[in-house]
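Chain and residue survey
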Amino acid sequence: MVDNRNHRNLRVKIMSVSILIISLMLVACQKTPSEKVVVDKSEGLPEESVIPVEKNKIAKDLGVPKHWQETLYRNEGFITLEADYEMKIPEIYNTPVYAYEIRTMDQELLEQLCAYFSEGKPLYKSQELTKSELQNEREQIAKGAGNWGYYPEDNRNNALAKIDAQIENAKEQRGERQYIEAKLTAPEPLGTEIIGKPSHNGANRPRNFSWYYDTEKPIGFTARIEKGQVLDPVVRAISYDDEIGSTTAFVYRQGTFIDEKELEQEQALDSAFDHGRGEYLHYLASGLDQADDSAFTSDQAIASAKRVLEELEIEGMAVAECVKAFGSSESESFAGVVDDGSSKSHGYAVYISPKAGDVVGYSLPFAARQGNELSEVTYAPSFRTANIRIIVTEAGVKSFEWEDISRKKDMIAENTKLLHFDKIKEKLADHLLYAQVAKLGGMDSEGYENIYTVNKVQLRAANIEAYNDPEAAWLVPVWVFDVAYVSTYTSAGETETYLSNIETVVLNAIDGGFIRVKM
């Protein structure tokens, strides 16, 4: 595993002495910068990449084709990268680099967020599930409903054993509500977290962090808002703690929703690993399609989301994507959005990230973890790019999720020169080779073929380590590639085919280095 936090110069090339089956030729040169009387904030960036801000509206010459159609090979067909993709990269003028620092969930921020979403209504402590609620959840687990169908029968049986123990001691009815103030305490489990929340749950947002940690440290907050609805909304907060592994985040949520981006992830997983959830995924897709019949539009959803940012005085962020959403305000089962008799509604999920010049931030997905040592420049920031998802229906905001809450610390460079796309695509093919060779762990690659197909390309911004500042991260321009992956192995005349999930590869647009989620 490569982690070059302690030498963050973007020009440093990491040379790994490995047992790889190929010979790797990488440059490793960078002189120690001479002392300056005035501190150069851009120290750590290649000198030639720091350029003046573009004021004359002359777009960068990135060499991006309108249609990328090409096949790249590595190691005599061990890696094949196929591209037949209509590029939709807008004109780019300025790509600054900013330094960000993680923000803790202090009392002021917690009170501000809770006050905004409670609208003057009291907060009360979330109560344990009643016997009937646990029994309803048990039914969902037993029949593998929704997201529970992702798990093998043995795993579901373990969950059933845990929930049976809870049912035995559960109350028939909830007791008197305990009203509370917004204040961080030791984290508490919510609902069926008592039996272990599914690690992959598209409708409930898979995360690199958990809302619940087994600690006595006052880093969490969970409450419901007394709004007199079928299901009162929940607010949850968690604060950054390096020792525990938590990162600062806040959520307001009423019910359970899924959006198109999450459904795509679920469909890719089902296609790759044949979980047999086609019927359920079709149900979700049909529900999302019904958003087209609604009078509520994406423009209205974006306007509502922007109004939330304005009222919360959240600055420096912009809309990255807006996709259809579908779910229920009355159900909170970890089975996800299921046909459980609850009323369903349709709307849109608006994704919002920090803006860096002409590009918008991108939060690395969980799949961007890379545990193997790679023979390339690799970055692993201590926290991901901040990201907000707001789900809006005609009835209003149903979900507000703010992850990796951070604040801008400094400007490192007002504009940067980016690598030509011809170099970036070669860096992509190289990375796929390094990653596959590392997976083999020294085994002979003969007989293996790995075919990648480009599904999506974006020019965004993402965090990397900050130079000489381990507590910070630099937001730099990046290329984001989603690639479908098929692997075959041929031996003794027989060929086995392995399908994989869509892989996301994020490359620093300044030097082509691979960016991964910190392990």
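Parameters at a glance
- Residues numbered from 1 in each chain as written.
- Predicted model: local features only at pLDDT ≥ 70, side-chain atom pairs only at ≥ 80, totals over all residues.
- Heavy atoms only, no water.
- Helix = DSSP H or I, 4+ residues; strand = E, 2+ residues; numbered from the N terminus.
- Buried < 20%, exposed > 50% of the residue type's maximum accessible area, 1.4 Å probe, protein only.
- Contact = heavy atoms within 4.5 Å.
- Areas by Shrake-Rupley, 256 points an atom, 1.4 Å probe, with all protein chains shown as cover.
- Phe/Tyr/Trp six-rings, centres within 6.5 Å; stacked < 30°, edge-to-face > 60°.
- pLDDT = per-residue confidence, 0-100.
- Pairing = 2+ DSSP bridges.
- Core = buried A, V, L, I, M, F, W, Y, C linked by side-chain atoms within 4.5 Å.
- Salt bridge = Lys/Arg side-chain N within 4 Å of Asp/Glu carboxyl O.

**Examining the overall build of the protein**
- Counting its secondary structure elements, the protein contains 7 helices and 20 strands.
- Going through the 519 residues of the protein one by one, you find that 52% of them count as buried.
- Residue pairs at least 24 apart in sequence account for 78% of intrachain contacts in the protein once pairs closer than 6 positions are excluded.
- Carbon and sulfur atoms make up 46% of the accessible area of the protein, which totals about 24,600 Å².

**Some remarks on the packing of aromatic side chains**
- The full count for this structure, using the stated rule, is 16 aromatic pairs.
- Ring geometry for Trp479 against Phe481: centres 6.3 Å apart, planes inclined by 25°, an arrangement best described as stacked.
- Note on Phe481: relative accessible area 0%, which makes it buried.
- Taken together, the ring pairs in this structure connect Tyr116, Phe117, Phe250, Tyr252, Phe400 and Trp402 into an aromatic cluster.

**Regarding the confidence of the model for the protein**
- Averaged over the protein, the pLDDT score is 85; the fraction of residues at 70 or greater is 86%.
- Per-residue pLDDT stays below 50 along residues 1-39; that stretch engages in 77 contacts with residues further than four places along the chain or on separate chains.
- Within the model, pLDDT remains below 50 along residues 197-209, and this stretch shows 46 contacts once partners closer than five positions in the same chain are excluded.

**Remarks on the pairing of strand S14 (residues 387-393)**
- Burial runs high along S14: 7 of the 7 residues are buried.
- Residues Asn387, Arg389, Ile391 and Thr393 of S14 are buried on one face, and the alternating residues Ile388, Ile390 and Val392, pointing to the opposite face, are buried as well.
- Where strand S11 (residues 345-356) meets S14, 6 bridges bridge the pair, whose relative direction is antiparallel. Paired with Gly347 across the two strands is Thr393, which belongs to S14.
- Hairpin connection of S14 to strand S15 (residues 396-403): 2 residues between the antiparallel strands.

**Considering the nonpolar core**
- Trp68, Leu81, Trp474, Trp479 and Phe481 are the most contacted members of the largest nonpolar core, which totals 67 residues.
- Dropping the residues within four chain positions of it, Phe481 is found in contact with Trp68, Phe421, Ile424, Leu428, Lys456, Val457, Glu503, Thr504, Val505 and Leu507.
- Judged by nonpolar contacts, the second largest core, of 34 residues, contains Cys114, Ala223, Tyr348 and Ile352.

**Considering the environment of Ala473**
- Looking at the element boundaries, Ala473 is found in strand S18 (residues 469-491).
- Note on Ala473: relative accessible area 0%, which makes it buried.
- Separated by 10 residues in sequence, Ala473 and Asn463 have C-alpha atoms that sit 5.7 Å apart.
- Once residues within four sequence positions are removed from consideration, Ala473 is found in contact with Tyr98, Ala99, Tyr100, Phe383, Asn463, Ile464 and Ala466.

**Brief notes about the pairing of strand S1 (residues 67-74)**
- By the bridge criterion, 8 bridges tie S1 to strand S2 (residues 79-86) in an arrangement that is antiparallel. Bridging across to S2, Gln69 finds its partner in Asp84.
- Hairpin connection between S1 and S2: a loop of 4 residues separates the two successive antiparallel strands, and Asn75 in this loop has a positive phi of roughly 55°.

**Structural notes on the pattern of salt bridges**
- Counted according to the given criterion, the structure contains 26 salt bridges.
- Between Lys344 and Asp340 there is a salt bridge, with its nearest N and O atoms 3.3 Å apart.
- Owing to a relative accessible area of 25%, Lys344 belongs among the partly exposed residues under this scheme.
- On the basis of relative accessible area, Asp340 is assigned to the partly exposed category, the value being 33%.
- The shortest N-O distance in the salt bridge between Glu503 and Lys439 comes to 3.8 Å. Placement of the pair is Glu503 in strand S19 (residues 494-508) and Lys439 in helix H7 (residues 421-440), with a sequence separation of 64 residues.
- Assessed through its relative accessible area of 47%, Lys439 is described here as partly exposed.
- In the salt-bridge network here, residues are joined through shared partners; they are Asp259, Glu262, Arg389 and Glu401.

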